[in-house]
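Each chain, letter by letter, is given below.
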Amino acid sequence: MRFGLTLCNHGEYADPALLADLAVAAEDAGWDGVFVWDHIARDGEPPMTDPQVALAAIATLTARITIGPMVTPLARRRPWKVAREAVALDHLSGGRTVLGVGLGVHAEEFGQLGEEGTARGRAALLDEALEVITALWTAEPVRHHGAAFDVEAHFTPGPVRGHIPIWVGGTWPNAAPFRRAARYDGVFPVTRAGYEPADYTAMRAFIAEHRDPAAPPPTVVHQGSGEAGDIDRWPAYAEVGVDWWLESFRSEERPVAECRAVIAAGPPSTT
């Protein structure tokens, strides 16, 4: 199992220099990944920073850890811009980038900003945006004429290794996000409370039913509850096929001082 952090981009954490500093400390302490939330607005209007700028800073100051947004709601993004950003970050980091994607749930990021407000509409935009992004990453000419996007473009360069892993966020047991995850590289089940190991057994079985049998198994990511000592439960999750454990830091619940303490303690030893 690998261990990482997801850092919010608002409140006390709304500083790209701070996020980069935390990522450097995490790499030095032996953590495997640092991921930054992708929000543009939240209820209560807290201070907020741009995740792509923060990730660029992290890429330049680290050498080993996996990085990326976790997760980007593609329904409020132009897919060609996301494609360019992800490849630029991938090159800047030497091929260490993952693109986390999801539907998005906060009204203040959609309807209140003139974006598509319905879940059904956001899902359609998410699926078509993924088609556009993965096509542009091939570095071949793209002609896409869909319900939402008309694209005729040829983007180069492509990703460092030809493809950037896509991890799909979703809430279990909603079927649609996990059918979507079956088409890509990984799944990031999202919840405040954390899922139990048995949930991952069910998720993996569902994804296997909808996945190309020739495709390698997807990366399975678990986000801990954030409660003290919760990370000590990692062996039970490893046993059911979870590949990553992520410690989540939300400004309202886990201040920067706590984040620094968790980072300094280092990830659990798996040996």
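The model shown is predicted, which means the values in this text are computed figures rather than measured ones.

A separate point is the overall build of the protein chain. A tally of helices and strands in the protein chain yields 8 helices and 11 strands. In terms of principal-axis extent, the alpha carbons of the protein chain reach across some 50 × 40 × 35 Å. In the protein chain, once contacts between residues fewer than 6 apart in sequence are set aside, the share between residues at least 24 apart is 70%. Here the protein chain displays about 11900 Å² of accessible surface, and carbon together with sulfur accounts for 53% of that area.

It is worth spelling out the pairing of strand 10 (residues 219-223) at this point. Within strand 10, 4 of the 5 residues are buried, which leaves the element mostly enclosed by the surrounding structure. As paired strands, strand 9 (residues 186-189) and strand 10 are joined by 2 bridges and run parallel to one another. Across the sheet, residue valine 187 finds its bridge partner in strand 10, namely valine 220. The β-α-β motif built from strand 9, the intervening helix 6 (residues 197-210) and the parallel element strand 10 has right-handed crossover chirality. Handedness of the crossover joining strand 10 and strand 11 (residues 244-249) through helix 7 (residues 234-239) is recorded here as right-handed.

Contact pair helix 1 (residues 16-28) / helix 2 (residues 51-61): the axes reach a minimum separation of 8 Å and the direction vectors enclose 35°. Crossing handedness for the pair helix 1 and helix 2: right-handed. Taken together, the residues of helix 2 that come into contact with helix 1 (itself represented by Pro16, Leu19, Ala20, Ala23 and Val24) are Val53, Ala54, Ala57, Ile58 and Leu61. Here the residues of the contact of helix 1 with helix 2 sort into 10 nonpolar, no polar and no charged.

Pairing in this open sheet of 9 strands is parallel, and the strands run 3-2-1-11-10-9-8-5-4 from one edge to the other. Across the chains shown, the open sheet's two edge strands, defined by having one partner strand only, are strand 3 (66-69) and strand 4 (72-73). As paired strands, strand 2 (residues 33-36) and strand 3 are joined by 4 bridges and run parallel to one another. When the sheet's bridge partners are listed, phenylalanine 35 is paired in strand 3 with glycine 68. On the sheet, helix 6 packs against strand 9 and strand 10 and is oriented at approximately 150° with respect to strand 10.

Space inside the largest pocket adds up to approximately 700 Å³. Around the largest pocket, the lining comprises 29 residues; the ones closest to its centre are Val71, Gly104, Val105, Thr171 and Val190. Taken together, the elements giving at least two residues each to the lining of the largest pocket come down to helix 4 (119-136), strand 8 (166-170) and helix 5 (175-181). Across the lining of the largest pocket, the residue classes break down as 12 nonpolar, 10 polar and 7 charged.

Attention now moves to the pairing of strand 8. For strand 8, the tally of buried residues reaches 5 of 5 residues, placing the bulk of the element in the interior. Residues Ile166, Val168 and Gly170 point to one face of strand 8 and Trp167 and Gly169 to the other, with burial holding for every one of them. Two elements, strand 8 and strand 9, share 4 bridges in a ladder whose sense is parallel. Residue glycine 170 lies in a different strand from strand 9, and its bridge partner there is proline 189.

Take the side chain of threonine 66 next. The topology assignment puts threonine 66 in strand 3. The buried category is assigned to threonine 66, whose relative accessible area is 11%. Not counting chain neighbours up to four residues away, the residues in contact with threonine 66 comprise Arg2, Asp32, Gly33, Val34, Phe35, Arg96, Val98 and Trp244.

Parameters and conventions
Residues numbered from 1 in each chain as written. Predicted model: local features only at pLDDT ≥ 70, side-chain atom pairs only at ≥ 80, totals over all residues. Heavy atoms only, no water. Helix = DSSP H or I, 4+ residues; strand = E, 2+ residues; numbered from the N terminus. Contact = heavy atoms within 4.5 Å. Areas by Shrake-Rupley, 256 points an atom, 1.4 Å probe, with all protein chains shown as cover. Buried < 20%, exposed > 50% of the residue type's maximum accessible area, 1.4 Å probe, protein only. Pairing = 2+ DSSP bridges. Right-handed = clockwise from strand over helix to strand, strands pointing away. Axes fitted to C-alpha atoms, helices over the stretch in contact; angles between N-to-C directions. Left-handed = near helix turned anticlockwise from the far one by under 90°. Nonpolar A, V, L, I, M, F, W, Y, C, P; charged D, E, K, R; others polar. 1 Å grid on protein atoms, 1.4 Å probe; cavity = no way out; pocket = protein on both sides within 12 Å on 5 of 7 lines; lining within 4 Å. Points joined across faces, edges and corners; volume = space filled by probe spheres on them.

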